Amino acid sequence: EALGAALAHEVQRGDVIFLRGELGSGKTSLARGFLRRFFGNPLLDVPSPSYLLHFAYSSDDAAPQEVAAAVAPPAAEGGKATMQACRVSSSSLVPGCPVHHIDPFRLPEGKIAALVDFEAIFGAISLIEWPERLGDQLVSGDKPPRLEVNFEGFGPQGEGRIVTFSAVGDRWRGTLDRWAAEGGPLRSRPSDPAPSVSLSPSPAGDGQASASTMPAAASTRNCRALPADPRKWRVLGIESSCDDTGAAVLSGTGEILGEALASQSGIHEQWGGVVPRLAQDGHRKAIDATVEEALERAGVAAAELTAVAVTVGPGLGMCLEVGVRKALQIAAAHRLPVVRVHHMEAHMLVTRLPSADVAKAAAESADGVLPALSPAFPFLTLLVSGGHNMAVLSRGIGNHTILGSTIDDSIGEAFDKTARTLGITQVPGGPHLERLAKEGDADLHKLPKPLSKSRDPALQKGCDFSFSGLKTAVRALIDKEIPAAKVKELSEPDLRQARAHIAAAFQNVAVRHLCERAGRAAEWAVEMEPETASMVVAGGVAANQAVRQGLREVAEDCDLEMRCPPPRLCVDNGVMVAWAGVERLKLGLYEEPPSEAGTEHAVEIRPRWPLGNRDPRSQRPAPPKLPKGQKRKKEVDAAGGDAAVEAVAWKKVAA
């Protein structure tokens, strides 16, 4: 926001600023700082334009027809609204000039050109997120003249983010040259003394420069201040990424003051998997009561909270919206800081949650200081759940490198689908398959080792996982050993025994594959960060005892200490979200809430949100298969929206 405020003093009519970066990397935050300074309104709500595509901000001295002209004729003649016009102040830094904030992320490349009149927009001042979606008809190497602000890193990143500037056209090239001479753009206004921030040439070439962004704390935030004593913190965490509605209240020392969890397993069992729309309905019905129960158990009123943390992704978009909306409503009503949490980071960080005894001792101590959190960074994390399967080197909050991930199904998904194939109807089926496997002989049937026949050296020698082929082999084994005709002939005990043998064989091969790849990931992690001393195993499948035992042996072989959350915290829950919020609050990584009137526009979710950079040795996961006859849209269009995630989830159910 400080950088955005500085840029607001540099612009003039006709300026175009492209904001490039991954989801959650800070593009909207920069735009927020820019617009608040430009219009002299420090309380201005500036939501992401991702859903409405286009916000047009203007002062009272701007001509209404100039703002209206930005809507292309087809949209203006009765099509779906693509612009929200906002008069936000009596004046601006460039009198009479509107500012257009645009984000075409959810549209196919080039589509927005038919909805918005860019001739009018480029004649005003524009901030454009995801400019790569504008299309070749609007953007080329030399037009429009523009400043490009490139955010390095990924959304969850906590510290050390780098912003690189590049210029197209003489106007901004001259500005970059001046910044380099003066010491950078991070000043309240051009006449201010240059701060102690370095601006250096970018290795990308001429016309570029880079600078470390100032911490958000550099400006006053319009929200309740955090108490200096963490013992007085009361942080509410809300989780709704899939089929469990969770809420919890934690102190700043990690005491679990109150928690509640509403499961939807009974809703989805008849379908054999999670149905997104039913899950959304379940969350809507449960969210208010779940949050109230957590607050009541904690003995805390919403007005007495310190902050609200909420999962914003990854997950099912329809479900994430429910939790995010509730969190923002509470935060807006009481001006509470908001922490947007990455679901998978919350799973790994809950391992650092102090034990009840340690948290209580810290709360009762004279200074309230916790012992050093354990495990200390860096550490290796194995995330194993129904929706995710990855090996991650974690160097700090938001600083993660993906060493390997599944190229098809996650291990949790493979367990659940195999359970269903074996006649297990409960959801999730993995825990029931584990119990069944204990009754069988894992050596009775031979199943293929995943990726053993791959001709891709990167897959053979890497840390990526694959469970789709194993799942298919199990289905073939079931058809051979207990076909439908034979099922009718077997007694119930004999049928259960036959299924138990197959379950045991599947679990044995799945765990061996997981452990083999985990061992290689441990070698890579220690090679990259020799101080790595721990291996964290997190996610719902971490509760599986065979998985724990196998990975414990891997950790011992690699001289690492294996750390797992308590089984009840392996599944989705509010505690992990609240604790991730506490860790981020301590680093100042939070944002102010919207106004109560602006809550709906601030409901921003990230159904597909990268956790971090991918190690070059790791393969990128294959995109989900589409129904027969359906073509894939260009680039990553299907990866961005809720509908795509819902369609994939429903396809899994229907399968």
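What you see is a predicted model, and the numbers here were worked out from it, not measured in a lab.

Caption draft 1: Broad picture of the packing of helix H17 (residues 492–528) against helix H18 (residues 545–557). Interhelical geometry of H17 versus H18 gives an angle of 30° and a closest axis separation of 9 Å. As summarised for this structure, H17 and H18 are arranged roughly parallel, according to the angle between their axes. Crossing hand, H17 versus H18: right-handed. Packed against H17, whose contacting residues are Gln507, Val511, Leu514, Cys515, Ala518 and Gly519, the element H18 presents Ala546, Val547, Gly550, Leu551 and Val554 at the interface.

Caption draft 2: Just the sheet that holds strand S14 (residues 338–342), in detail. Spatial ordering of the open sheet is given by S12-S11-S10-S13-S14, a layout of five strands whose pairing is mixed. Of all strands in the sheet, those with a lone pairing partner are strand S12 (256–263) and S14, marking the two edges. Going from strand to strand, the sheet's axes swing by 15° on average, the running direction of each strand aside. Pairing between strand S11 (residues 244–250) and S12: seven bridges, direction antiparallel. Pairing of Ala248 across the sheet is with Glu259, part of S12. Seen against the sheet, helix H8 (residues 276–298) touches strand S10 (235–239), S11 and S12 and runs at an angle of roughly 160° to S12. Each of S10, strand S13 (307–313) and S14 is contacted by helix H9 (residues 317–334), which is oriented at about 160° to S13, the strand it contacts most.

Caption draft 3: Local environment of the side chain of Ser534. If you trace the backbone, Ser534 turns up in strand S18 (residues 534–538). If near-sequence neighbours (up to four positions away) are discounted, Ser534 is found in contact with Pro375, Phe379, Leu380, Leu560 and Glu561.

Caption draft 4: Layout of the packing of aromatic side chains. Under the definition given, this model contains eight aromatic pairs. With 4.9 Å between their ring centres and 15° between their planes, Phe377 and Phe379 make a pair best called stacked. Residue classification places Phe377 among the partly exposed residues on the basis of a relative accessible area of 24%. Look at Phe379 and you get buried, because its relative accessible area is 0%. Ring pairs connect the aromatic residues Phe34, Phe38 and Phe39, which therefore count as one cluster. One residue, Arg606, lies across the ring of Trp609, its end atom 4.6 Å from the ring centre. The cationic tip of Arg617 hangs over the ring face of Trp524; the distance from NZ or CZ to the ring centre is 3.8 Å.

Caption draft 5: A look at the nonpolar core. Formed by 53 residues in total, the largest nonpolar core has its most connected members in Leu447, Phe506, Met535 and Leu551. Elements supplying a minimum of two residues to this core: strand S15 (379–384), strand S16 (389–396), helix H12 (411–421), helix H13 (430–437), helix H15 (468–481), H17, S18 and H18. By residue number, the principal contributor to this core is H17, which donates 17 residues. Excluding residues within four positions of it along the chain, Leu551 makes contact with Leu514, Cys515, Ala518, Met535, Val537 and Met562.

Caption draft 6: The arrangement of a negative patch on the surface in detail. Residues Glu553, Glu556, Asp557 and Asp559 make up a contiguous surface patch of negative charge. As for its placement among the helices and strands, Asp557 is situated in helix H18. Overall, the relative accessible area of 66% leaves Asp557 in the exposed class.

Caption draft 7: Here's a closer look at helix H6 (residues 170–182). Here H6 contains 13 residues, and its C-alpha end-to-end distance of 18 Å stays within 8% of the 18 Å for a straight helix at 1.5 Å per residue. Every buried residue belonging to H6 is among Trp172, Thr175, Leu176 and Trp179, and all of these are buried. Seen along its axis, H6 keeps its buried residues to an arc of 100°; they face one direction. Opposite the buried face of H6, by more than 90 degrees, sit the exposed residues Asp170, Asp177 and Ala181. The positive-phi residue at the C-terminal boundary of H6 is Gly183, with phi of around 110°.

Caption draft 8: Main features of the packing of H8 against H9. Orientation of H8 relative to H9, taken along the N-to-C sense of each, is 25°, at an axis distance of 8 Å. The angle between H8 and H9 falls in the class roughly parallel. For the pair H8 and H9, the crossing hand works out as right-handed. For the pair formed by H8 and H9, the contact residues are Pro276, Arg277, Ala279, Gln280, His283, Arg284, Ile287, Asp288 and Val291 on the first element and Met318, Cys319, Glu321, Val322, Gly323, Lys326 and Ile330 on the second. Class assignment of the residues belonging to the contact of H8 with H9 gives a composition of eight nonpolar, three polar and five charged.

Caption draft 9: Layout of the pattern of salt bridges. Following the criterion strictly, the structure yields 26 salt bridges and no others. When the shortest N-O distance is used, the salt bridge between Arg178 and Glu182 registers 3.5 Å. Of this pair, Arg178 and Glu182 both sit in helix H6, four residues apart, roughly one helical turn. Salt-bridge contacts for Lys449 lead to Glu516; the nearest nitrogen and oxygen are separated by 2.9 Å. On the criterion of sequence distance, the pair formed by Lys449 in the loop between H13 and helix H14 (457–461) and Glu516 in helix H17 is long-range, its members being 67 residues apart. The exposure class of Lys449 is partly exposed, given its relative accessible area of 41%. On the accessibility criterion, Glu516 (28% relative accessible area) is partly exposed. Shared partners join several salt bridges into a network, and the residues in it are Glu1, Arg32, Arg36 and Glu592.

Caption draft 10: Main features of the sheet that holds S15. Judged by pairing direction, the sheet is mixed, and its six strands sit side by side in the order S19-S18-S15-S16-S17-S20 without closing on themselves. The open sheet has two edge strands with one neighbour each: strand S19 (561–563) and strand S20 (613–614). In this sheet, S19 lies alongside S18 in parallel orientation, the contact comprising three bridges. Residue pairing for S19: Ser534 is matched across the bridge by Glu561. The sheet contacts of H17 involve S15, S16 and strand S17 (399–405), and relative to S15 the element is tilted by about 155°. Across the sheet, H18 is in contact with S18 and S19; its angle to S19 comes to roughly 150°.

Caption draft 11: Looking closely at the environment of Ala6. Mapped onto the fold, Ala6 is located in helix H1 (residues 2–8). Between the C-alpha atoms of Ala6 and Leu30, which are 24 residues apart in sequence, the distance is 9.8 Å.

Caption draft 12: The pairing of S16, seen in detail. Here S16 lies mainly inside the structure; seven of its eight residues are buried. Sheet topology note: the S15/S16 ladder contains six bridges and is antiparallel. Bridging from a neighbouring strand, Val384 pairs with Asn389 of S16. Where S16 meets S17, six bridges bridge the pair, whose relative direction is antiparallel. Bridge pairing in S17 places Gly396 opposite Asn399. In textbook terms, the turn of a hairpin is the stretch between consecutive antiparallel strands, and for S16 and S17 this stretch comprises two residues, one of which, Gly398, has a positive phi near 75°.

Caption draft 13: Fine view of the environment of Ile407. Relative to the elements of secondary structure, Ile407 occurs in the loop between S17 and H12. Residue Ile407 is classed as buried on the basis of its relative accessible area, which comes to 19%. Taking the C-alpha atoms as reference points, Ile407 and Phe465, separated by 58 residues in sequence, lie 6.2 Å from one another.

Reading the values: rules and limits
Within each chain, residue numbers correspond to sequence positions counted from 1 in written order. Given that the model is predicted, a residue must reach a pLDDT of at least 70 before its local features are reported, and side-chain atom pairs must reach 80 or more before they are shown or counted; all residues, however, enter totals for whole chains, interfaces and linings. Side-chain measures were taken over the full set of non-hydrogen atoms in the model, leaving aside hydrogen atoms and water. Orientation is described by lines fitted to C-alpha atoms, with helices fitted over the stretch in contact, and by angles between N-to-C directions that extend from 0 to 180 degrees. Elements are defined by DSSP. Helices are runs of H or I of four residues or more, strands are runs of E of two residues or more, and each kind is numbered from the N terminus. Our angle categories are set so that under 35 degrees counts as roughly parallel, over 145 as roughly antiparallel, 65 to 115 as roughly perpendicular, and the remainder as oblique. It is the rotation of the near helix from the far one that decides the hand of a crossing: anticlockwise by less than a right angle makes it left-handed, clockwise makes it right-handed. A contact between two residues is defined here by any heavy atoms of the two lying within 4.5 Å. Pairing between strands requires that DSSP locate at least two bridges from one strand to the other. Whether two aromatic rings pair depends on their centres lying within 6.5 Å, for rings of Phe, Tyr and Trp, where Trp uses its six-membered ring; planes under 30 degrees apart make the pair stacked, over 60 edge-to-face, and the rest tilted. The classification of residues rests on relative accessible area computed with a 1.4 Å probe and restricted to protein chains. Under 20% of the type maximum is buried, over 50% is exposed, and intermediate values are partly exposed. Put simply, a charge is over a ring when the Lys NZ or the Arg CZ is close to the ring centre, within 6 Å, and near the line of the ring normal, within 35 degrees. In this text, buried Ala, Val, Leu, Ile, Met, Phe, Trp, Tyr and Cys residues form a nonpolar core when linked through side-chain atoms within 4.5 Å. Surface patches are drawn from residues lacking salt bridges whose relative accessible area is over 30%; two like charges belong together within 9 Å, two nonpolar side chains (Val, Leu, Ile, Met, Phe, Trp, Tyr) within 5 Å. We get accessible surface area from the Shrake-Rupley algorithm with a probe of 1.4 Å; when it comes to residues, only the shown protein chains can shield them. Within this document, salt bridges are pairs made up of a side-chain nitrogen of Lys or Arg and a carboxyl oxygen of Asp or Glu, the two lying within 4 Å of each other. The charge count treats Lys and Arg as positive and Asp and Glu as negative. His and the chain ends do not count. For charged residues, the charge sits on one atom: NZ in Lys, CZ in Arg, CG in Asp, CD in Glu. Multiply 1.5 Å by the residue count of a helix minus one, and that product is the helix's expected span. In this description, the arc belongs to the directions extending from the helix axis to the C-beta atoms. Residues are grouped as follows: Ala, Val, Leu, Ile, Met, Phe, Trp, Tyr, Cys and Pro are nonpolar; Asp, Glu, Lys and Arg are charged; all remaining types, including Gly, are polar.

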